[in-house]
Amino acid sequence: MFSSNKKIPTPVANKAPPSLLSAGLTVNGDLSSDGEVQIDCIVNGDVVADRLAIGENARVVGEVVAEHVLIRGEVIGRIRAKSVELDKTARVRGDIWHELLSIAAGAKIEGLCKYAENPREAEAKFSVVTQITNNPDPQPGKLERIEKADKGDKGEPQVVEALRATS
């Protein structure tokens, strides 16, 4: 009962709690985390995390790179993740590079879904948004043309229409 032969388990290193970006916040710039991130706001920039959850009313305009990503809101940009889960309220405008992909009925995707063995480490063919044209003083929710930095398959600049998040 009180034997000294029993081994006491060593404590496991505690992971940091998830980072939460609440509604009402607008982030202009890239985000990077080694842990878990929950986004419920507007992010204009790339997001890199180990685990990422994008809330139903959230919008990310930029590339998403994660080990596991759960999308309930909107992403305008490419997603590169080992595991991608799109909930019924997800709206994605961009390509998805994945190992595992789950799409719920009702999710909306405008782009290609591509299998890749190591999607997080795949070479980035498309750059982040570099220039916004047409309207130097945008109004919230207005569609604008966003030009990407590299050339497409035919040598022409990549141009997509996307919502520029403004507050």
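Cut-offs used in this document
Residues numbered from 1 in each chain as written. Predicted model: local features only at pLDDT ≥ 70, side-chain atom pairs only at ≥ 80, totals over all residues. Heavy atoms only, no water. Pairing = 2+ DSSP bridges. Helix = DSSP H or I, 4+ residues; strand = E, 2+ residues; numbered from the N terminus. Axes fitted to C-alpha atoms, helices over the stretch in contact; angles between N-to-C directions. Contact = heavy atoms within 4.5 Å. Core = buried A, V, L, I, M, F, W, Y, C linked by side-chain atoms within 4.5 Å. Buried < 20%, exposed > 50% of the residue type's maximum accessible area, 1.4 Å probe, protein only. Polar contact = N/O pair within 3.5 Å; in protein donor to acceptor, adjacent residues only side chain to side chain. pLDDT = per-residue confidence, 0-100.

1. A closer look at the sheet that holds strand β11 (residues 91-93)
Link 1 in the chain: A sheet is described by the order of its strands in space; here six strands give the open sequence β2-β5-β7-β9-β11-β13, paired in parallel fashion. Edge strands, defined here as strands with exactly one partner in the open sheet, are β2 (26-28) and β13 (108-110). Sheet twist, expressed as the mean angle between neighbouring strand axes with direction ignored, is 5 degrees.
Link 2 in the chain: Inspection of the sheet shows strand β7 (residues 59-61) paired to strand β9 (residues 74-76) by three bridges, in the parallel sense. Across the sheet, V60 pairs through a bridge with V75, a residue of β9.

2. Re the environment of A122
Link 1 in the chain: Here A122 is to be found in the loop between β14 (113-115) and β15 (129-132).
Link 2 in the chain: For the pair A122 and A81, spaced 41 residues apart in sequence, the C-alpha separation works out to 9.9 Å.
Link 3 in the chain: Beyond its immediate chain neighbours, meaning those up to four positions away, A122 contacts R80 and W97.

3. Remarks on the nonpolar core
Link 1 in the chain: I39, L52, V69, I71 and I79 are the most contacted members of the largest nonpolar core, which has 25 residues in total.
Link 2 in the chain: Elements with a contribution of two residues or more to this core: β4 (36-39), β6 (47-54), β8 (64-71) and β10 (79-86).

4. Section: the side chain of R59
Link 1 in the chain: Position of R59 relative to the elements: it lies in strand β7.
Link 2 in the chain: Engagement of the side chain of R59 in a polar contact is seen with the side chain of E74, the distance being 3.2 Å.

5. Comments concerning the side chain of R78
Link 1 in the chain: Take R78: it is sitting in the loop between β9 and β10.
Link 2 in the chain: Overall, R78 belongs to the buried group, its relative accessible area being 7%.
Link 3 in the chain: Separated by 2.6 Å, the side chains of R78 and E63 make a polar contact.

6. Observations regarding the confidence of the model for the protein chain
Link 1 in the chain: When pLDDT is averaged along the protein chain, the result is 78; 65% of the residues meet or exceed 70.
Link 2 in the chain: The low-confidence segment residues 125-136, where pLDDT is below 50, has 28 contacts with residues more than four positions distant or belonging to other chains.
Link 3 in the chain: In the model, residues 138-151 has pLDDT below 50 throughout and makes 56 contacts with residues more than four positions away in sequence or in other chains.

7. Here's the deal with the environment of A53
Link 1 in the chain: Relative to the helices and strands, A53 resides in strand β6.
Link 2 in the chain: Between the alpha carbons of A53 and G73 there is a distance of 9.2 Å; along the sequence they are 20 residues apart.

8. Focus: the pairing of β8
Link 1 in the chain: With respect to burial, β8 is a largely interior element, seven of its eight residues being buried.
Link 2 in the chain: Inspection of the sheet shows β6 paired to β8 by seven bridges, in the parallel sense. Bridging from a neighbouring strand, V47 pairs with V64 of β8.
Link 3 in the chain: Of the pairings in the sheet, the one linking β8 to β10 comprises seven bridges and is parallel in character. Counted as the bridge partner of V69 is V84 from β10.

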